[in-house]
Structures are given as C-alpha cells and as structure tokens.
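So the chains spell out like this:
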Amino acid sequence: MSGVRSSDTLASQTRRNELAAGQEPFAIILGCSDSRVPAEIVFDQGLGDLFVIRVAGNIVASSQIGSVEFAAERFGTPLVVALGHSRCGAVQATLEELMRPRESQSRNLRSIVDRIRPSVEALLATELRDDLDALVRQGVRSNVRASANHLRHGSEVLEQLIQRAGLLVVGAEYSLETGVVDFFDGVPEAG
Ligand SMILES: [Zn+2]
C-alpha cells in the first residue's frame, strides 16, 4: 500500500542457510494464481514466512485441502487465509459461462468453473444480474467465503485442529486497485 518493502524480505544466503534446516511459516495462504496477487509481495514477506497454495479462483479441491492439512499439521501453522482479489478472472469466467454456456470448454478448465459456480450462481437471480462488475465484486466475496468454509468443514484433520489447537481459517480480499487486504470472513472480534 505504502510502496515500501521491508529489507527482511530479501533472500539472503544467511536466511537460506537458516531455513534449509526447517521451516515454520506463520500463515498458510490459499490464493489465486493471478500474476497480480503474489502472496509474498502482497503481504511483504520473505523466505520461510508463508506457506502458499495458488490456484485460479482460489478454489478448494482435494489437493488444496491436503496442502493445508500438511502445513497445519507438520509445521503447526496457526492461521489459514483464503485470499481472493478484485476483478478475479476465474470468477468472471464462471459468471460468463453461466450466462452464455459454451460447449467447447476444456474439461480441466471446467473443473475450476464448477468449483466456483455454486457460490456465484445465486447472484444471477438477483437484481445484480445485468451488472457484470457488481456480479464479479459480489462473486469474489461469495467465492472466498465458500473456500474458507470448505477448508473449515471439508477436512476432519482441519476440523480437529480448529477445535483442539485453535487453528483459525479466515477469508480476505485483496484490492488490485489500492493494495488493501480486507479480512472480512471468520475474523474473531477484537478484545
Ligand atoms: Zn483471480
């Protein structure tokens, strides 16, 4: 946001040597593959700080859950962030597909669209229907909520860590325009 980078985030040989022996990332980020949203740069973090899973549309399928389980169990990482972003192309493509279904879409791409579809489909029945920008804005939030919920409830391992070890799963949206990250889902009240 402020255009300043921390010098701690530079990849030094000293830091590499420290980390070769083991890692202890403080957060797991499930983010979108979009080239404009690299988690380490968005949060100004360096080597060893974040365990990052990136997939178009920050969707949750088995391999994403497995990756989160792995890091939360192995490294005791206490925080998981489902990170969406404004103008997400995967959310927009899903909305466009719902409005104008095509038959030619690849099976692989469809597997992503199908994961996003349930969280955006209902929006097409609202008054937002004719406003693609508004649909994408709402769709990004719905999709982040769905991903965070899926992580909270789609895995016995994670459910146990949430109940017994205080693992926290939150949802956030990064603004491409301002650089602000809004943590809007699952954040405990301060105090
Ligand atoms: Zn995206």
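Cut-off values and rules
Residues numbered from 1 in each chain as written. Predicted model: local features only at pLDDT ≥ 70, side-chain atom pairs only at ≥ 80, totals over all residues. Heavy atoms only, no water. Helix = DSSP H or I, 4+ residues; strand = E, 2+ residues; numbered from the N terminus. Buried < 20%, exposed > 50% of the residue type's maximum accessible area, 1.4 Å probe, protein only. Contact = heavy atoms within 4.5 Å. Donors = N, O, S within 2.8 Å, 3.2 Å for Na, K, Ca; no water. Pairing = 2+ DSSP bridges. Axes fitted to C-alpha atoms, helices over the stretch in contact; angles between N-to-C directions. Salt bridge = Lys/Arg side-chain N within 4 Å of Asp/Glu carboxyl O. Expected span 1.5 Å × (residues − 1). Bend = angle between axes of the 7 residues up to and from the residue. Phe/Tyr/Trp six-rings, centres within 6.5 Å; stacked < 30°, edge-to-face > 60°. Lys NZ or Arg CZ within 6 Å of the ring centre and 35° of its normal.

Caption draft 1: Region of interest: the environment of Ala-82. Mapped onto the elements of the fold, Ala-82 is located in strand S3 (residues 79-85). With relative accessibility at 0%, the residue Ala-82 sits in the buried group. The spacing of Ala-82 and Val-170 is 88 residues in sequence and 6.3 Å in space, taken between C-alpha atoms. Residue contacts for Ala-82: discarding those within four places in its chain leaves Leu-30, Val-144, Ser-147, Ala-148, Val-170, Gly-171 and Ala-172.

Caption draft 2: How the structure looks around the coordination of the zinc ion. Coordination of the zinc ion by the protein comes from Cys-32 (SG), His-85 (NE2) and Cys-88 (SG), over a distance range of 2.0 to 2.3 Å. The sequence pattern formed by the donor residues of the zinc ion is C-x52-H-x2-C. Placement of Cys-32 in the loop between strand S1 (27-31) and helix H2 (39-42) and of His-85 in strand S3 is noted, with a sequence separation of 53 residues between them. By the burial criterion, Cys-32 is buried, and His-85 matches it.

Caption draft 3: Expanded view of the sheet that holds strand S5 (residues 181-185). In space, the 5 strands of this open sheet follow the order S2-S1-S3-S4-S5, with mixed pairing throughout. The two strands at the open ends of the sheet, each matched to only one other strand, are strand S2 (50-54) and S5. On average, each strand axis in the sheet is inclined to that of its neighbour by 30°, with strand direction left out of account. When strand S4 (residues 168-174) meets S5, the two strands line up antiparallel, connected through 4 bridges. Residue pairing across strands places Tyr-174 opposite Val-181, the latter belonging to S5.

Caption draft 4: Spatial organisation of unusual backbone geometry. Despite not being glycine, Asp-44 has its phi angle at roughly 55°, a positive value. Not every positive phi belongs to a glycine, and Asn-58 is a case in point at roughly 35°. Here Asn-58 lies in the loop between S2 and helix H3 (62-75).

Caption draft 5: Structural context of the pattern of salt bridges. Applying the stated rule across the entire model yields 10 salt bridges. Of the charged contacts, one joins Glu-173 and Arg-141 as a salt bridge, the two residues approaching to 2.7 Å between their closest N and O atoms. In this pair, Glu-173 sits in strand S4 while Arg-141 sits in helix H6 (residues 132-153), placing the two residues 32 residues apart along the sequence. Glu-173 sits in the buried class, given a relative accessible area of 11%. Within the structure, one salt-bridge network assembled from shared partners comprises Arg-15, Glu-18 and Asp-49.

Caption draft 6: Representation of helix H5 (residues 107-121) in the model. Over its 15 residues, H5 runs 19 Å from end to end, which matches the ideal 21 Å to within 8%, given 1.5 Å per residue. A maximum bend of about 30° is found in H5 at Arg-115, where proline Pro-118 lies one to four positions downstream.

Caption draft 7: The arrangement of the packing of aromatic side chains in detail. Overall, the coordinates contain 4 aromatic pairs when judged by the stated rule. Judged by centre distance (6.2 Å) and plane angle (45°), the rings of Phe-51 and Phe-70 are tilted. Highlighted residues: Phe-51 in strand S2 and Phe-70 in helix H3, separated in sequence by 19 residues. In this structure Phe-51 comes out as buried when scored by relative accessible area, which is 16%. Both rings, one in Phe-51 and one in Phe-75, keep their centres 6.1 Å apart while their planes meet at 50°; by these two values the pair is tilted. You can see Phe-51 sitting in strand S2 and its partner Phe-75 sitting in helix H3, a full 24 residues away along the chain. Exposure remark for Phe-75: the relative accessible area of 18% places this residue in the buried category. Linked through ring pairs, Phe-51, Phe-70 and Phe-75 together constitute an aromatic cluster. When the ring centre of Phe-184 is taken as reference, the NZ or CZ atom of Arg-141 above it lies at 4.1 Å.

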